[in-house]
Amino acid sequence: MNIAIIGAGISGLFVATRLQELGHDVTIYEARDRIGGRIETVEFEVNSRTYAFDLGPTWFWPDSEPLMVDLIHRLDLPTLEQYATGALRLERAGGIESHLVSNQPTAFRLRDGIRSVATALAAQLRPGTIRLKTPINQIDVTNRIVVSSGRKSQPFDEIILALPPRLAAKLLYTPALPEAVLDELVALPTWMAQQAKCLVLYERPFWRDSGWSGQAISWTGMVQEIHDASPLDGPGALFGFFRTPARERQELTEVEIKESVFEQLARLFGEQARQPIGWLYKDWSTDMWTATRADAAPLLEFPAYHSVDFGAEHTTISLIGTETDSSHGGHLEGALRSVEIYLEKGGREK
């Protein structure tokens, strides 16, 4: 079979490798100029050594995510356990407290960043499989083709959308998708679309000297959740997920955001936090290949993710991705599970 895959995130890359193993011809169309989708790993050089940090997905949990564990093992990617020794700092309106937290599930990171998963998967594909900077805007089911900027593709037997559902809803379909299907796609929030993440680097992880883990929760500061992102050796690093809503962030300059974050880190971890050696910031709500207008409303609870059936006239189209997995939606494991479910549903050998 000749199969078109729209999106080179982890689900698109994973399904492409599996399908090629099964003898199918695949072509991946990716709108960005890089692979990975919402995986974004950046590098920072300190003392002539380069370290990788994630501004998108960061962790996997071996106790509950067997597909990620198996994939990382098969790709032979070096990992490191998330540092969690010491007290958590809790910031509330009344002040800052320290708490020892027990029985947290053990999280792991990848030494070279989550991007190393995408890179390793892409390396398994035949040359020419991935076409970057090729956003698809139309899917013609009648002729089984995809269209990018007016340029039609060769015919495909099947089309896989490895996209957030809300981005899938923005495509033009021939014949048109039923309104009920479009409504269902738009109702599934895009994971990370409201989120922003910052990374602050230091000469060393000084907070450990005070018996702090680097983990913090804040109900008053700009950043709500903070964790130690330091490599095994080398610089110290803290990363944080923002509490300030996307619309409010977008009214501020990055300099204003940075100053507010440094002030908050100083409250939590002391004056040394005002002396960083590096700063990285990613606002996913401004990423056109992630967020849509429908994602403007903040999430008030964890979404109930599920698969979507495109209907009888669109049986050649399948939707995969973390937003389609009911048990691990929002996680990398969910993206991988969506591929396994797709393969099982199609009756393909595993």
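The structure under discussion appears in the preceding block.
Note that this is a predicted model, so its numbers are computed, not measured.

1. Looking at the packing of helix H2 (residues 66–75) against helix H8 (residues 332–345)
Running from N to C, H2 and H8 cross one another at 90°; their axes reach a closest spacing of 8 Å. In terms of axis orientation, H2 runs roughly perpendicular to H8. Between H2 and H8, the contacting residues are Pro 66, Leu 67, Met 68 and Leu 71 on the first element and Leu 332, Glu 333, Leu 336, Arg 337 and Glu 340 on the second. Here the contact of H2 with H8 is built from residues that sort into six nonpolar, no polar and three charged.

2. What about the pairing of strand S11 (residues 145–148)?
Put simply, side chains in a regular strand alternate between the two faces of the sheet. Judged by which residues are buried, S11 turns out to be covered on both faces: Ile 145 and Val 147 on one side and Val 146 and Ser 148 on the other are all buried. Between the end of strand S10 (residues 138–140) and the start of S11, which pair antiparallel, lie four residues, with Arg 144 showing a positive phi angle near 55°. Pairing between S11 and strand S12 (residues 151–152): two bridges, direction antiparallel. By the bridge assignment, Val 147 is partnered in S12 with Lys 152. Hairpin connection from S11 to S12: two residues lie between these consecutive antiparallel strands, with Ser 149 at a positive phi of about 50°.

3. Remarks on the packing of aromatic side chains
Taken as a whole and judged by the stated rule, the model has 17 aromatic pairs. Summarising the aromatic geometry, the rings of Trp 207 and Phe 269 are spaced 6.4 Å apart at their centres and angled 50° between planes, so their arrangement reads as tilted. Here Trp 207, found in the loop between strand S15 (196–202) and strand S16 (212–218), pairs with Phe 269, found in helix H7 (residues 254–269); they are 62 residues apart in sequence, far enough to count as distant. Grouping residues by exposure puts Trp 207 and Phe 269 together as buried.

4. Quick notes on the sheet that holds strand S19 (residues 278–283)
Working definition: the strands of a sheet are paired by backbone hydrogen bonds and lie parallel or antiparallel to each other. An order of S7-S6-S16-S17-S18-S15-S19 is seen for the seven strands of this open sheet, with the pairing classed as mixed. Of all strands in the sheet, those bounded by a partner on one side alone are strand S7 (95–99) and S19. Geometrically, the sheet is characterised by an average inter-axis angle of 20° between neighbouring strands, direction not taken into account. Sheet topology places strand S6 (residues 87–92) next to S16; four bridges connect them, and they run parallel. Within S16, the position partnered with Glu 91 by the bridge is Ser 218.

5. Overview of the sheet that holds S11
As summarised here, the arrangement of the four strands in space is S12-S11-S10-S14, forming an open sheet in which the pairing is mixed. Sheet topology places S12 and strand S14 (172–174) at the edges, where each strand pairs with a single neighbour. Summarising the sheet, S10 and S14 pair through three bridges and their orientation is parallel. Bridge pairing in S14 links Asp 140 to Thr 174.

6. Some details on H8
For H8, spanning 14 residues, the distance from its first C-alpha to its last is 20 Å, which sits close to the expected 20 Å at 1.5 Å a residue. Counting buried positions over the 14 residues of H8 gives ten, a clear majority of the element. Considered for burial, the residues of H8 that qualify are Leu 332, Glu 333, Gly 334, Ala 335, Leu 336, Ser 338, Val 339, Glu 340, Tyr 342 and Leu 343. Turning to H8, the residues buried within the fold contact strand S1 (2–6), helix H1 (10–21), H2, strand S13 (158–161) and strand S20 (317–319).

7. Describing the pattern of salt bridges
In this structure the tally under the stated criterion is 21 salt bridges. With a closest N to O distance of 3.0 Å, Asp 70 and Arg 74 form a salt bridge. Placement of both Asp 70 and Arg 74 in helix H2 is noted, with a separation of four residues, approximately one turn of the helix. Its relative accessible area of 37% is what places Asp 70 among the partly exposed residues. The shortest N-O distance in the salt bridge between Asp 112 and Arg 111 comes to 3.0 Å. A relative accessible area of 33% means that Asp 112 is categorised as partly exposed. Here the salt bridges share partners, and the residues they tie into one network are Arg 32, Arg 34, Glu 40, Lys 282 and Asp 287.

8. Brief notes about the environment of Asp 309
In this structure, Asp 309 sits in the loop between S19 and S20. A polar contact is formed between the side chain of Asp 309 and the backbone nitrogen of Gly 311, at a distance of 2.9 Å.

9. Looking at H1
With twelve residues, H1 extends 17 Å between its outermost C-alpha atoms, agreeing within 8% with the 16 Å of an ideal straight helix rising 1.5 Å per residue. Along H1, eleven of the twelve residues are buried, which leaves the element largely enclosed by surrounding structure. For H1, the set of buried residues is Ile 10, Ser 11, Gly 12, Leu 13, Phe 14, Val 15, Ala 16, Thr 17, Arg 18, Leu 19 and Gln 20. Positive backbone phi, at 95°, marks Gly 23, one or two positions downstream of H1.

Scoring rules and cut-offs
- Residues numbered from 1 in each chain as written.
- Predicted model: local features only at pLDDT ≥ 70, side-chain atom pairs only at ≥ 80, totals over all residues.
- Heavy atoms only, no water.
- Axes fitted to C-alpha atoms, helices over the stretch in contact; angles between N-to-C directions.
- Helix = DSSP H or I, 4+ residues; strand = E, 2+ residues; numbered from the N terminus.
- Parallel < 35°, antiparallel > 145°, perpendicular 65-115°, else oblique.
- Contact = heavy atoms within 4.5 Å.
- Nonpolar A, V, L, I, M, F, W, Y, C, P; charged D, E, K, R; others polar.
- Buried < 20%, exposed > 50% of the residue type's maximum accessible area, 1.4 Å probe, protein only.
- Pairing = 2+ DSSP bridges.
- Phe/Tyr/Trp six-rings, centres within 6.5 Å; stacked < 30°, edge-to-face > 60°.
- Expected span 1.5 Å × (residues − 1).
- Salt bridge = Lys/Arg side-chain N within 4 Å of Asp/Glu carboxyl O.
- Polar contact = N/O pair within 3.5 Å; in protein donor to acceptor, adjacent residues only side chain to side chain.

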